[in-house]
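Breakdown of the fold
Residues per chain are reported as follows:
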Amino acid sequence: MPPLTHITLKYLLILYLIAMTTTKAVAQEMYAVLTGSKLTFYYDTQKNTRSGTVYYPNKDDEPTPGWWNVRTQITIVDFHSSFAQARPTTTSCWFYMSYLTSINGINYLNTSEVTKMGAMFRSCSRLTSLDVSGFNTSKVKDMGDMFYECGSLTSLDVSGFDLSSLYYSQSQ
């Protein structure tokens, strides 16, 4: 086989660039999948391969997340490791779930861009332990009712909270 010439390499490069510009890139996105009573959070491009019902987190102007109407079915929340790359700006009402008993992998929830945590864990009356000491709360302005009606919490670690931007924190 003859060696590749400069012109051949140039044509191969042009073909490669054309192929790259015509291929539609799929962006990573935040979503959660409900399977039975477990809600799992992901940040990837694999949404269409997941089994279960797909829901989306709330945007800044939405008071509740997509799974709001099925929240009473949820007993377990899992964060997939991919969610560590997600940057939500609100977590309001995310875990407003009266039957929730455990949250796994919450360390994968990056809160560095979150400004609203209102009612985040409200009514988690069956949750007994929660360590959110690793949350970056430096931009959070609203923590109203964040732990309201969480009477079974016997262990709650908020030792790393930075409340310097907070302006609303009723009923904690």
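So, a few notes on the structure that sits alongside this text.

Calculation rules
- Residues numbered from 1 in each chain as written.
- Predicted model: local features only at pLDDT ≥ 70, side-chain atom pairs only at ≥ 80, totals over all residues.
- Heavy atoms only, no water.
- Helix = DSSP H or I, 4+ residues; strand = E, 2+ residues; numbered from the N terminus.
- Buried < 20%, exposed > 50% of the residue type's maximum accessible area, 1.4 Å probe, protein only.
- Contact = heavy atoms within 4.5 Å.
- Pairing = 2+ DSSP bridges.
- Axes fitted to C-alpha atoms, helices over the stretch in contact; angles between N-to-C directions.
- Disulfide = S-S within 2.5 Å.
- Salt bridge = Lys/Arg side-chain N within 4 Å of Asp/Glu carboxyl O.

If you tally the helices and strands in the protein, you get 1 helix and 7 strands. Start at the N end of the protein and walk to the C end: the helices and strands fall as α-β-β-β-β-β-β-β. For the protein, buried positions account for 37% of its 172 residues. Within the protein, contacts between residues at least 6 apart in sequence are counted, and of these 70% link residues at least 24 apart.

For the rest of this paragraph, the subject is the side chain of Asp78. Along the chain, the position of Asp78 falls in strand β4 (residues 76-79). Overall, Asp78 belongs to the buried group, its relative accessible area being 16%. Once residues lying within four places of it in the same chain are set aside, the contact partners of Asp78 are Lys38, Leu39, Thr40, Phe41 and Asn104.

Turning our eyes to something else, we now look at the sheet that holds strand β5 (residues 102-104). Within the open sheet, the 5 strands sit side by side as β3-β1-β2-β4-β5. Their pairing is mixed. Of all strands in the sheet, those bounded by a partner on one side alone are β3 (53-55) and β5. Strand-to-strand, the axes of this sheet are offset by a mean angle of 20°, without reference to chain direction. As paired strands, strand β1 (residues 29-35) and strand β2 (residues 38-44) are joined by 7 bridges and run antiparallel to one another. Paired with Met30 across the two strands is Tyr43, which belongs to β2.

We now examine the pairing of β2. With 6 of its 7 residues buried, β2 lies for the most part within the structure. Between the antiparallel neighbours β1 and β2 lie 2 residues, among them Gly36 with a positive phi of about 65°. Pairing geometry for β2 and β4, over 4 bridges, is parallel. The partner of Thr40 across the bridge, within β4, is Asp78.

The next thing to look at is the state of the cysteines. Per the counting criterion, the structure on display carries 0 disulfides. The thiol of Cys150 is not disulfide-bonded; the next cysteine sulfur, from Cys124, is found 4.9 Å away.

This part takes up the environment of Cys93. Considering the arrangement of structural elements, one finds Cys93 in the loop between β4 and β5. The buried category is assigned to Cys93, whose relative accessible area is 11%. In this structure, the C-alpha to C-alpha distance between Cys93 and Gly118, residues 25 residues apart in sequence, is 6.6 Å. Once residues within four sequence positions are removed from consideration, Cys93 is found in contact with Pro63, Thr64, Pro65, Trp68, Gly118, Ala119 and Met120.

Before going further, it helps to examine the pairing of β4. Bridge analysis of β4 against β5 gives 3 bridges, and the strand direction is parallel. Bridge pairing in β5 places Val77 opposite Ile103.

This next bit is on unusual backbone geometry. The backbone of Cys93 sits at a positive phi, close to 65°, despite the residue not being glycine. The backbone phi angle of Ser123 is positive, close to 65°, even though this residue is not glycine.

A side chain of one charge can pair with a side chain of the opposite charge when the charged atoms of the two come close. Within this structure, the stated rule accounts for 6 salt bridges. Across the salt bridge formed by Lys47 and Glu29, the nearest N and O atoms sit 3.1 Å from each other. Taken as a pair, Lys47 in the loop between β2 and β3 and Glu29 in strand β1 lie far apart in primary sequence, 18 residues in all. As a salt-bridge pair, Arg50 and Asp44 come within 2.4 Å of each other at their nearest N and O atoms. Relative accessible area serves as the criterion here: at 8%, Asp44 is assigned to the buried category. One continuous salt-bridge network, built from bridges that share partners, spans Arg122, Asp145 and Glu149.

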